[in-house]
Amino acid sequence: MARHFIDLFEVTPAQAIELLDRAAELKERDDPAHRPPLLAGRTLGLVFDKPSLRTRVSFEAAIAQLGGSAIFFRGKDVGLGVRETIGDFARVISQYIDVLAIRTFSQEVVEELARSATIPVVNALSDSAHPCQAMGDLLTIRETFGTLDGVKLVFVGDGNNVARSLAQASALSGMKFVLACPQGYSFPADFSARFAAVYPGVSLEIDHDPVRAVQNADVVYTDVWASMGQEAEAEIRRAAFAPFRVDEALLAQASRRAIFLHCLPARRGEEVASTVLDGPRSRVIPQAGNRLHFQKALLLWLLI
Ligand code: CP
Ligand code: NVA
């Protein structure tokens, strides 16, 4: 059976460390003049139903740097789930390519693909999870502090895909995770229940007071208030989330060594002030860069 990477609930702490160590090693040893073609002849399919800069380009660059190639298409180009079933699509595409990354809305679609495909399936973002983002972020945090153990990450914003994967990544790596969000924008009950079952004894702290939440934070993280697919809710969300904007005053409440992270793309002046995004504590550009190194490690883990 093929190995998949669709949700961090299915990744063990040992596997997470193995992936991070591999990513760090690939980054450290990277020499553009000599990149061993470890995945020569292998093909990565990328099927996206939502826009992307970082995920798409870093996956295409990752497979190219490992000697393989990528094929990108939109779900609507092939009529995914419309022209034929997800299962038929998965069984057919498994005949042509070696690994498939999908960005879509429903996590169930990603899971159905993984059930039917005979090749590894990667979740390149769904409404519920963004595991590649969270694992790349662990690399950035570990590079900054030299460890993940005991590092306090406060996610200020919506209990969305990125927040959920970061909560899981924190549980996997010994970080302390807090979600600071308005009432009504916390994690869904089924996520919290599964989190409690998979990580018994790990607290999933929710705080509706952003100033209290960020006290002693080592990492202050935010993301857009309305994710892709929630555009119709943008106005109502702007009002609800206004007290949760990460500005210099909020960041000043965090630990003196605190860094600021954002998965990007950012809406400057909404969830984050430009002075924070461009400020001395921001690590958002190297953070985006680490997506490449993590995904190289991931492709090797799935294919070799
Ligand atoms: N952070 C992230 O996944 O960015 P893209 O949506 O541009 O891929
Ligand atoms: N929560 C955001 C993340 C984008 C990378 C979204 O889903 O739109």
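What comes next is a walk through the structure. All values derive from a computational prediction rather than experimental measurement.

### As for the environment of Ala-239
With respect to the element layout, Ala-239 can be found in helix H10 (residues 234-241). Sequence-wise, Ala-239 and Ser-94 are 145 residues apart; in three dimensions their C-alpha atoms are separated by 45 Å.

### Considering the pattern of salt bridges
Two side chains carrying opposite charge are able to pair once their charged atoms lie near each other. One pass over the structure, following the stated rule, counts 18 salt bridges. In this structure, Arg-237 and Glu-233 form a salt bridge, with 2.8 Å as the shortest nitrogen-oxygen distance. Close ionic contact of Arg-238 with Glu-270 constitutes a salt bridge, the shortest N to O distance being 2.9 Å. On the criterion of sequence distance, the pair formed by Arg-238 in helix H10 and Glu-270 in the loop between strand S9 (259-262) and helix H12 (274-277) is long-range, its members being 32 residues apart. On the basis of relative accessible area, Arg-238 is assigned to the partly exposed category, the value being 29%. A relative accessible area of 15% places Glu-270 in the buried class. Here the salt bridges do not stand alone but share partners, grouping Glu-235, Arg-238, Arg-267 and Glu-270 into one network.

### Notes on the site of ligand 2
Every residue near ligand 2 is listed here: Leu-125, Asn-160, Asn-161, Val-162, Asp-223, Val-224, Ser-227, Met-228 and Leu-264. A distance of 3.3 Å is found between a nitrogen atom of ligand 2 and a side-chain nitrogen or oxygen belonging to Asn-160. Relative to its unbound accessible surface of 270 Å², ligand 2 loses 94% to contact with the protein. Here the residues of the shell around ligand 2 are counted per class, giving five nonpolar, three polar and one charged.

### Examining the pairing of strand S1 (residues 43-48)
Looking along a regular strand, one sees side chains alternate from face to face of the sheet. For S1, the tally of buried residues reaches six of six residues, placing the bulk of the element in the interior. Here S1 shows a buried face lined by Thr-43, Gly-45 and Val-47 and a second buried face lined by Leu-44, Leu-46 and Phe-48. In the sheet, S1 pairs with strand S2 (residues 69-74) via six bridges, with the strands oriented parallel. Bridge pairing in S2 links Leu-46 to Phe-72. The handedness of the S1 to S2 crossover, carried by helix H2 (residues 54-65), is right-handed. Relative to strand S3 (residues 99-103), S1 runs parallel, the two being bridged by five bridges.

### Let's talk about the site of ligand 1
Every residue close to ligand 1 is listed here: Ser-52, Leu-53, Arg-54, Thr-55, Arg-103, His-130, Gln-133, Cys-263, Leu-264 and Arg-291. A distance of 2.6 Å is found between an oxygen atom of ligand 1 and a side-chain nitrogen or oxygen belonging to Ser-52. Within the backbone of Leu-264, one N or O atom sits 2.9 Å away from a nitrogen atom of ligand 1. Protein contact buries 95% of the 260 Å² of open area that ligand 1 shows by itself. Comparing atom positions with the cavity grids shows ligand 1 to sit within the largest pocket.

Scoring rules and cut-offs
Along every chain, residues carry numbers that run from 1 in the direction the sequence is written. The lettering of chains begins at A and the numbering of ligands begins at 1, in the order of writing. Owing to the predicted nature of the model, reporting of local features is limited to residues with pLDDT of at least 70; listing and counting of side-chain atom pairs is limited to 80 or more, with chain, interface and lining totals taken over all residues. Derived side-chain values reflect all non-hydrogen atoms in the structure, with water molecules and hydrogen atoms excluded from consideration. The numbering of helices and of strands both runs from the N terminus, where a helix is a DSSP run of H or I of at least 4 residues and a strand a run of E of at least 2. Just to be clear on terms, a salt bridge is a Lys or Arg side-chain nitrogen sitting within 4 Å of an Asp or Glu carboxyl oxygen. Exposure classes here rest on a 1.4 Å probe applied to the protein chains alone. A residue is buried below 20% of its type maximum, exposed above 50%, and partly exposed in between. Nearness is defined per residue: one heavy atom within 4 Å of the molecule or strand is enough. Under this definition, polar contacts are N or O atom pairs within 3.5 Å; protein pairs additionally need one hydrogen-donor-capable and one acceptor-capable atom, and for neighbouring residues in sequence, both atoms have to be side-chain atoms. Methods summary: accessible areas were calculated by the Shrake-Rupley approach with a probe of 1.4 Å, and residue burial reflects only the protein chains presented. Classes in brief: Ala, Val, Leu, Ile, Met, Phe, Trp, Tyr, Cys and Pro nonpolar; Asp, Glu, Lys and Arg charged; the others, Gly included, polar. Two strands pair under a simple rule: DSSP has to find at least two bridges between them. Here a crossover is taken to be right-handed if, once the strands point away from the viewer, the path from the first strand over the helix to the second is traced clockwise. Of the two site types, the cavity is a set of points on a 1 Å grid over the protein atoms alone where a 1.4 Å probe fits but cannot get out, and the pocket is an open set with protein on both sides within 12 Å along at least five of seven lines, each lined by residues with an atom within 4 Å of a point. For a molecule to be placed in a cavity or pocket, more than half of its atoms must lie within 2 Å of the grid points of that cavity or pocket.

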